[in-house]
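Here are the chains, one letter per residue:
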Amino acid sequence: MNIQEIIAKKRDKQELSKDEINFFITQYTNNNIADYQASALIMAIYLNGMSKEETVNLTTAMANSGDILDLSEIGPVVDKHSTGGVGDKVTLILAPIIASLGVPVAKMSGRGLGYTGGTIDKLESIPGYKINISEEEFIQNVKKIGISLIGQTKNLAPADKKIYALRDATSTTESIPLIASSIMSKKIAAGANKIVLDVTYGSGAFMKTKEKAKELADEMIEIGNLAGRETVAVITPMEEPLGRNVGNTLEVIEAVEALKGNIAEDVKNVVLELGSNMLKLAGKGDNLEENKCKMMENIANGKALEKFKELVANQGGDVSYIENTNKFERAKYILPVILSKVANNVKNQETGIKTNENITEDLIDGTVKELKAEEVGKLSVFLGGGRIKKEDKIDSSVGIVLNKKIGDKIEKGDIVAYIHSNDEEKGKEAVQRLKEIYVIE
Ligand code: URA
């Protein structure tokens, strides 16, 4: 068996056997297959898809590429994972709420992928927070304080870690078998026996339609249940960015505000929907509405925020940043965005000719009709908040703060958003681009 034959088979739309999939995953994990060969195979999978059986085999091989944690000594542990979104800071809010209600949360999160953000990049913007801890420490943390949020350790689904980084850099993210295997291999390896999936659809999600999201959800539920993990999925819209802030530090700040009770309505809906299901799976109550009330109670009484601080402190983070979010380093340039339309209908009085000098900007009013999450996500990447190449460093402080979202009224001259940039020229360009992303009627 060799990798060229496997690539050719998938390129020619044939089904790969379990052995071929195992060969690819073990050899790639052990660095015996080059990135360019793995990229070619991933692109072939992206273009030609995989059968259900192939996807299950790929997921199992990826989960088995490293350790499979056994968390049975902790009791029923619930995990949550999103298929990705823009402005998606749900884990930072949801996980401490659930842990504060006595349900252990052991979660291994990912980095940003494509134009979507990643929880790990967000957590890393908290000074000192360690996302790379040993598996023993991960388990000890959950035992001690009921929560741990970490990045992918070297030994948990290492194949996914490598493939994930490649996909990010090769435009091969939006693929049902690749997303399902990536998420479920991590979930299986991380050991939780109950899993709640947030499957997003819309402009800012990898699945553009609700039907595709349902297809992905069904596939992941089947994989989870086959692996003996009780799995449920909630399908949520991601047409516009979730919440107000997009960017790593900015989203941590929004999450802290949410835990203090200042939570945007769309974020609240997703948090409550997922959390009520997590509580149900953990045996804390079958009534989803009652579960939502318990969650809101722990925001109101401050227990959820306390749990978040405990998590940050326990993983080496500086809690003073959570206590006072003004301490976070801000971007150098914070530029307001005011919507205007360029008009060139003013003629030079003497010559009667329209010239560039006569270009005017007419301020716009109306109602926000569209604010495509994908475009806002790409803007955040452009500012340095995401990666173009897999080794790129993230700039934590950049991003976008949205004052106005779909359905909001705009008066002429309103500041609809702020661009946070560390580069003045990029910031100015981002202002212009964001003006075009807003569709007003
Ligand atoms: N999250 C993951 O972990 N993997 C994907 O492929 C998409 C979202």
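Residues numbered from 1 in each chain as written. Predicted model: local features only at pLDDT ≥ 70, side-chain atom pairs only at ≥ 80, totals over all residues. Heavy atoms only, no water.

Chemist: Would you take a moment to explain the packing of aromatic side chains for this structure?
Modeler: The final tally for this structure, using the stated rule, is three aromatic pairs. Ring plane angle 5° and centroid distance 5.9 Å describe the contact between Phe 24 and Tyr 28, whose orientation is recorded as stacked. Of this pair, Phe 24 and Tyr 28 both sit in helix α2 (residues 18-29), separated by four residues, roughly a single helical turn. Its relative accessible area of 4% is what places Phe 24 among the buried residues. (Phe/Tyr/Trp six-rings, centres within 6.5 Å; stacked < 30°, edge-to-face > 60°. Helix = DSSP H or I, 4+ residues; strand = E, 2+ residues; numbered from the N terminus. Buried < 20%, exposed > 50% of the residue type's maximum accessible area, 1.4 Å probe, protein only.)

Chemist: Sorry, what's going on with the site of the ligand here?
Modeler: Around the ligand lies a shell formed by His 81, Ser 82, Thr 83, Leu 113, Tyr 164, Arg 167, Ile 179, Ser 182, Ile 183, Lys 186 and Phe 206. The separation between an oxygen atom of the ligand and a polar side-chain atom of Arg 167 is 2.8 Å. A distance of 2.7 Å separates a nitrogen atom of the ligand from a polar atom in the side chain of Ser 182. Protein contacts shield 97% of the accessible area of the ligand, which totals 240 Å² for the unbound molecule. Judged by the proximity of its atoms to the pocket grid, the ligand belongs to the largest cavity. Every element with two or more residues in the shell around the ligand is listed here: β1 (78-82), α8 (158-169) and α9 (176-190). For the shell around the ligand, the leading source of residues is α9, giving four residues. (Near = heavy atom within 4 Å. Polar contact = N/O pair within 3.5 Å; in protein donor to acceptor, adjacent residues only side chain to side chain. Areas by Shrake-Rupley, 256 points an atom, 1.4 Å probe, with all protein chains shown as cover. 1 Å grid on protein atoms, 1.4 Å probe; cavity = no way out; pocket = protein on both sides within 12 Å on 5 of 7 lines; lining within 4 Å. Sits in = over half its atoms within 2 Å of the grid points.)

Chemist: So what exactly am I meant to see when it comes to helix α3 (residues 35-48) here?
Modeler: Counting along an α-helix, one turn takes 3.6 residues, and residues three or four places apart therefore face a common direction. Here α3 spans 20 Å end to end across 14 residues, near enough to the 20 Å set by a 1.5 Å rise per residue. Next to the buried residues of α3 lie α1 (3-11), α2, α8 and α9. Within two residues after α3, Gly 49 carries a phi angle of roughly 75°, on the positive side. (Expected span 1.5 Å × (residues − 1). Contact = heavy atoms within 4.5 Å.)

Chemist: Looking at this model, I keep getting lost on the sheet that holds strand β6 (residues 245-246). Mind explaining?
Modeler: Sheet strands associate in pairs through backbone hydrogen bonding, adopting either a parallel or an antiparallel arrangement. An order of β6-β11-β13-β7 is seen for the four strands of this open sheet, with the pairing classed as antiparallel. If you trace the sheet from one side to the other, it starts and ends with β6 and β7 (333-338), each paired once. Bridging between strand β11 (residues 399-402) and strand β13 (residues 415-421) involves four bridges; their strand directions are antiparallel. Across the sheet, residue Val 401 finds its bridge partner in β13, namely Tyr 418. Against the sheet, helix α16 (residues 373-385) engages β6, β11 and β13, with an angle of about 140° to β11. Where helix α17 (residues 424-437) meets the sheet, it contacts β7, β11 and β13, and its direction lies at approximately 20° from that of β7. (Pairing = 2+ DSSP bridges. Axes fitted to C-alpha atoms, helices over the stretch in contact; angles between N-to-C directions.)

Geometry only, nothing functional implied.
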